[in-house]
Amino acid sequence: DQQVKQNSPSLSVQEGRISILNCDYTNSMFDYFLWYKKYPAEGPTFLISISSIKDKNEDGRFTVFLNKSAKHLSLHIVPSQPGDSAVYFCAATYDYKLSFGAGTTVTVRA
Amino acid sequence: KAGVTQTPRYLIKTRGQQVTLSCSPISGHRSVSWYQQTPGQGLQFLFEYFSETQRNKGNFPGRFSGRQFSNSRSEMNVSTLELGDSALYLCASSPRDSGGTQYFGPGTRLTVL
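Residues numbered from 1 in each chain as written. Chains lettered and ligands numbered in written order. Predicted model: local features only at pLDDT ≥ 70, side-chain atom pairs only at ≥ 80, totals over all residues. Heavy atoms only, no water.

Draft legend 1. Fine view of the overall build of chain B. Looking only at helices and strands, chain B has zero helices and 11 strands in total. Taking 113 residues into account, the globule formula puts the C-alpha radius of gyration at 13 Å, and chain B, at 13 Å, falls close to it. Dimensions along the principal axes, computed over C-alpha positions, put chain B at roughly 35 × 25 × 25 Å. Here chain B holds 113 residues, and the buried ones make up 51% of them. Taking as baseline every contact in chain B between residues at least 6 positions apart, the subset at least 24 positions apart corresponds to 53%. Of the roughly 5200 Å² of accessible surface on chain B, a fraction of 47% belongs to carbon and sulfur atoms. Here chain B contributes 12 positively and 6 negatively charged side chains, and the mean placements of these two sets differ by 5 Å. (Helix = DSSP H or I, 4+ residues; strand = E, 2+ residues; numbered from the N terminus. Rg over C-alpha atoms; globule rule 2.2 N^0.38 Å. Buried < 20%, exposed > 50% of the residue type's maximum accessible area, 1.4 Å probe, protein only. Contact = heavy atoms within 4.5 Å. Areas by Shrake-Rupley, 256 points an atom, 1.4 Å probe, with all protein chains shown as cover. Lys, Arg positive; Asp, Glu negative; His and termini not counted. Charge placed at Lys NZ, Arg CZ, Asp CG, Glu CD.)

Draft legend 2. Highlighting the pattern of salt bridges. Applying the stated criterion across every chain, the model contains six salt bridges over all chains. Between R61 of chain A and D84 of chain A there is a salt bridge, with its nearest N and O atoms 2.8 Å apart. Of this pair, R61 of chain A sits in the loop between β6 (56–59) and β7 (62–67) while D84 of chain A sits in the loop between β8 (72–77) and β9 (86–94); the two residues are 23 residues apart in sequence, bridging distant segments of the chain. Between R63 of chain B and D85 of chain B there is a salt bridge, and its shortest N-O distance comes to 2.8 Å. Residue R63 of chain B is found in the loop between β6 (53–57) and β7 (64–68), and its partner D85 of chain B is found in the loop between β8 (74–78) and β9 (87–94); the two are separated by 22 residues along the sequence. (Salt bridge = Lys/Arg side-chain N within 4 Å of Asp/Glu carboxyl O.)

Draft legend 3. Representation of the state of the cysteines within the structure. Counted under the stated rule, the structure contains two disulfides over all chains. Two residues, C23 of chain A and C90 of chain A, share a disulfide whose sulfurs are 2.0 Å apart. Taking the sign of the torsion about the S-S bond as the criterion, the disulfide between C23 of chain A and C90 of chain A, at about -70 degrees, is left-handed. Separated by 67 residues along the polypeptide, C23 of chain A in strand β3 (residues 19–25) and C90 of chain A in strand β9 bring together distant segments of the chain. Each member of the pair C23 of chain A and C90 of chain A is classed as buried. Note on cysteine connectivity: C23 of chain B is disulfide-linked to C91 of chain B, with sulfurs 1.8 Å apart. (Disulfide = S-S within 2.5 Å.)

Draft legend 4. How the structure looks around the nonpolar core. Residues and elements named next belong to chain A. By size, the foremost hydrophobic cluster in this structure holds 23 residues, and its most contacted members are F33, W35, L73, L75 and Y88. Elements supplying a minimum of two residues to this core: β3, β4 (32–38), β5 (45–51), β7, β8, β9 and β11 (104–109). The greatest single-element share of this core, amounting to four residues, is contributed by β9. Setting aside residues up to four positions removed in sequence, L75 forms contacts with S19, I20, L21, W35, L47, I48, F62, T63 and Y88. (Core = buried A, V, L, I, M, F, W, Y, C linked by side-chain atoms within 4.5 Å.)

Draft legend 5. Highlighting the side chain of E48 of chain B. Following the sequence through the fold, E48 of chain B ends up in strand β5 (residues 42–50). For E48 of chain B, the side chain forms a polar contact with the side chain of S31 of chain B, separated by 2.6 Å. In this structure the side chain of E48 of chain B is engaged in a polar contact, spanning 2.7 Å, whose partner is the side chain of R55 of chain B. Beyond its immediate sequence surroundings of up to four residues, E48 of chain B is in contact with Y96 of chain A together with S31, V32, S33, T53, Q54, R55 and N56 of chain B. (Polar contact = N/O pair within 3.5 Å; in protein donor to acceptor, adjacent residues only side chain to side chain.)

Draft legend 6. Highlighting the interface of chain B and chain A. Taken together, the contact pairs 22 residues of chain B with 18 residues of chain A. Counting across the chain B and chain A interface gives zero salt bridges. For the interface between chain B and chain A, the tally reads four residue pairs in polar contact (both at pLDDT 80 or more). Listing elements by their share of the side of chain B that touches chain A, those giving two or more residues are β4 (31–38), β5, β6, β9 and β10 (103–104) of chain B. The class makeup of the residues in the side of chain B that touches chain A is eight nonpolar, nine polar and five charged. (Nonpolar A, V, L, I, M, F, W, Y, C, P; charged D, E, K, R; others polar.)

Draft legend 7. Up close: the sheet that holds β8 of chain A. Residue and element names in this part refer to chain A. Reading across the sheet, the five strands line up as β1-β3-β8-β7-β6 and stay open at both edges, with antiparallel pairing between neighbours. Two strands lie at the open edges of the sheet, namely β1 (4–5) and β6, each paired on one side alone. Alignment of β7 against β8, held across six bridges, turns out to be antiparallel. Residue pairing across strands places T63 opposite H76, the latter belonging to β8. (Pairing = 2+ DSSP bridges.)

The following block contains the structure:
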């Protein structure tokens, strides 16, 4: 049962523009939400997180928004840079385990 | 601080064999989790340990097992390997005892022939 869903498998964006990645979840017990960036054959790299009691968290170019009523999470990257090209995973925690979405491949065009 | 380390980085085994993977968490982290990544199933949770106790387990057969030592280092074992066990196995550690951010190691790439 996929409790965390990323419905867009890919996203292409021009350098300098905003990248918006979306994530939906079904389990209302999730207490913490995270975004990871991953390159092939490497472990995921933590980007940013948000507690379920907040609706926004910002860290440099990365901002995560949480809409609990809609069970929706999004990651904004502004401005997008070529080094941001990677697979981005949305994840959520409950009961000591992380549930991951399927990932969105972001390609930043020069 | 040094990051999460995993050994070995690459492993080739044949069907029916068993394998043990090792993970050393970030210093001070007491929670260690294991994940399997495959192209078809994505990132799947295997199990989580805290203070040598398994607190949660994913939906994997009993051939997959793990343990944690008193120094928080962890091992996972897969017995009677099957072709479908070929995957990237990731270990993650967390500084908190109640979820939150997990930091991942580089993974062990297991190939079963």
